[in-house]
Amino acid sequence: MPSKILPPPLKPGDLLRVITPSGALREFEALERSVEIWRSRGYRVEISPQIDDKWGYLAGTDETRRHQLAAAWQDPDCRGILCARGGFGSTRILEDWNWPNLAVPKWLIGFSDVTALLWSLYTAGISGVHGPVLTTLVDEPDWSIERLFDSVEGRPLAPLKGCGWGHGVVTGTLLPGNLTVATHILGTPILPHLNGVILALEDVTEAPYRIDRMLTQWRLSGALSQVCGIALGGFTRCEAPPTISSFRVEEVLRDRLGDLGIPIVSDLPFGHDSPNAALPVGVEVILDGDAGILTMPTAASYAP
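Just so it is clear, the model here is predicted, and its values are computed rather than measured.

Caption draft 1: Region of the structure containing the sheet that holds strand 9 (residues 197–204). Pairing is mixed in the open sheet, where eight strands are placed in the order 6-14-13-8-9-10-11-7. Of all strands in the sheet, those bounded by a partner on one side alone are strand 6 (160–161) and strand 7 (163–164). Pairing between strand 13 (residues 284–288) and strand 14 (residues 293–295): three bridges, direction antiparallel. Within strand 14, the position partnered with Ile286 by the bridge is Thr295.

Caption draft 2: Expanded view of the packing of helix 7 (residues 208–221) against helix 8 (residues 249–257). Orientation of helix 7 relative to helix 8, taken along the N-to-C sense of each, is 15°, at an axis distance of 9 Å. Judged on the interaxial angle alone, helix 8 and helix 7 are roughly parallel. When you trace helix 7 past helix 8, the crossing you get is right-handed. From helix 7, Pro208, Ile211, Asp212, Leu215, Thr216 and Arg219 reach across to helix 8, where they touch Val249, Val252, Leu253, Asp255, Arg256 and Leu257. Residues belonging to the contact of helix 7 with helix 8 are distributed by class as follows: seven nonpolar, one polar and four charged.

Caption draft 3: Local environment of unusual backbone geometry. Residue Pro275 is reached from Ser274 by a cis peptide bond, and omega for that bond is 0°. Inspection of the secondary structure puts Pro275 in the loop between strand 11 (264–266) and strand 12 (279–280). The backbone of Asp96 shows a phi angle near 60°, a positive value even though the residue is not glycine. With respect to the helices and strands, the residue Asp96 is situated in the loop between helix 3 (90–93) and strand 4 (107–110). Residue Asp96 is classed as exposed on the basis of its relative accessible area of 82%. Unlike most non-glycine residues, His167 shows phi in positive territory, near 75°. With respect to the helices and strands, the residue His167 is situated in the loop between strand 7 and strand 8 (169–178).

Caption draft 4: How the structure looks around the pairing of strand 3 (residues 78–83). Counting buried positions along strand 3 yields five of six residues, so the element is predominantly enclosed. Where strand 1 (residues 15–19) lies against strand 3, five bridges are found, and the strand directions are parallel. Counterpart to Val18 in the pairing with strand 3 is Leu82.

Caption draft 5: Main features of the sheet that holds strand 5 (residues 129–130). Judged by pairing direction, the sheet is mixed, and its six strands sit side by side in the order 2-1-3-4-5-12 without closing on themselves. For this open sheet the edge positions go to strand 2 (44–47) and strand 12, each flanked by a neighbour on one side alone. Its contacts with the sheet put helix 2 (residues 62–74) on strand 1 and strand 3, and the angle it makes with strand 1 is roughly 175°. Against the sheet, helix 5 (residues 142–153) touches strand 4, strand 5 and strand 12, its axis set at about 160° to strand 4.

Caption draft 6: A look at the pairing of strand 8. A large share of strand 8 lies buried, amounting to seven of its 10 residues. Here strand 8 pairs with strand 13 via five bridges, running antiparallel. Across the sheet, residue Thr171 finds its bridge partner in strand 13, namely Ile286. Pairing analysis gives six bridges linking strand 8 to strand 9, with the strands arranged parallel. If you follow Thr173 over to strand 9, its bridge partner there is Val197.

Caption draft 7: Inspection of helix 2 at higher detail. Between its first and last C-alpha atoms helix 2 spans 18 Å; for 13 residues at 1.5 Å apiece the expected length is 18 Å, and the two agree. Listed in full, the buried residues belonging to helix 2 are Asp62, Arg65, Gln68, Leu69, Ala70, Ala72 and Trp73. Tucked inside the fold, the buried residues of helix 2 contact strand 1, strand 3, helix 3 and helix 4 (115–123).

What counts and how
- Residues numbered from 1 in each chain as written.
- Predicted model: local features only at pLDDT ≥ 70, side-chain atom pairs only at ≥ 80, totals over all residues.
- Heavy atoms only, no water.
- Pairing = 2+ DSSP bridges.
- Helix = DSSP H or I, 4+ residues; strand = E, 2+ residues; numbered from the N terminus.
- Axes fitted to C-alpha atoms, helices over the stretch in contact; angles between N-to-C directions.
- Parallel < 35°, antiparallel > 145°, perpendicular 65-115°, else oblique.
- Left-handed = near helix turned anticlockwise from the far one by under 90°.
- Contact = heavy atoms within 4.5 Å.
- Nonpolar A, V, L, I, M, F, W, Y, C, P; charged D, E, K, R; others polar.
- Buried < 20%, exposed > 50% of the residue type's maximum accessible area, 1.4 Å probe, protein only.
- Expected span 1.5 Å × (residues − 1).

So this is what it looks like as structure tokens:
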């Protein structure tokens, strides 16, 4: 697998393109307000003309959504791609997909279903940003919005503080994503090599037994035996109905991950419910399982 590179830092005046690679767009007001955040920082933002296409629960046909991605990626003036929302659908457009013109990398920003695109791009050698999509950015606190701009404009990122589970300190390659999407990537060509990886996972509206089922699949597949650390973000709205006997999601996470013997930090501020701290994909980070801290690089190497 080629070494990972970060695209050149963004700067005001750069052109960014908005695409809908996943679910059908519903949150038009939030999208418009988030676009204005980028424009207020001096960026030119162009919205795909197919932005409001619908095909069932998808934002248009696979061909339409794949065309949006390809057109943005191959546009020589475009410096970054802003995903409008998650949902489901990005894995569908990755069938028979190859990233074109990798010699000219550009930023890809999103989370949730965009996990599949970020991990696919990572396997091709280019880092993106696991961070707010345009239907959620407007609801982020000021520090989280600033962190997103720091991520793509080349500034250092502050450490994130969570709850340490012990087992010392480890340095590894950060691979953030949504647990459900990542689980459905297991066994596919999209799954990156996991040796030396610090896996950062989050999820939303998944009942504890489903979290259990997914993490058990990770255990049985052998994938968790390859990672050197785990950073856990928000697992929000993952409660079982009060009338059903269940473990709490926190108990499931401890049961399925706590015996791995690697540094783990939980309750980090990233995930579906605000705040969703931006996390660069494929950079070297330090995870302190004793102090409960995830430290980002103080400086990054960017593509020329």
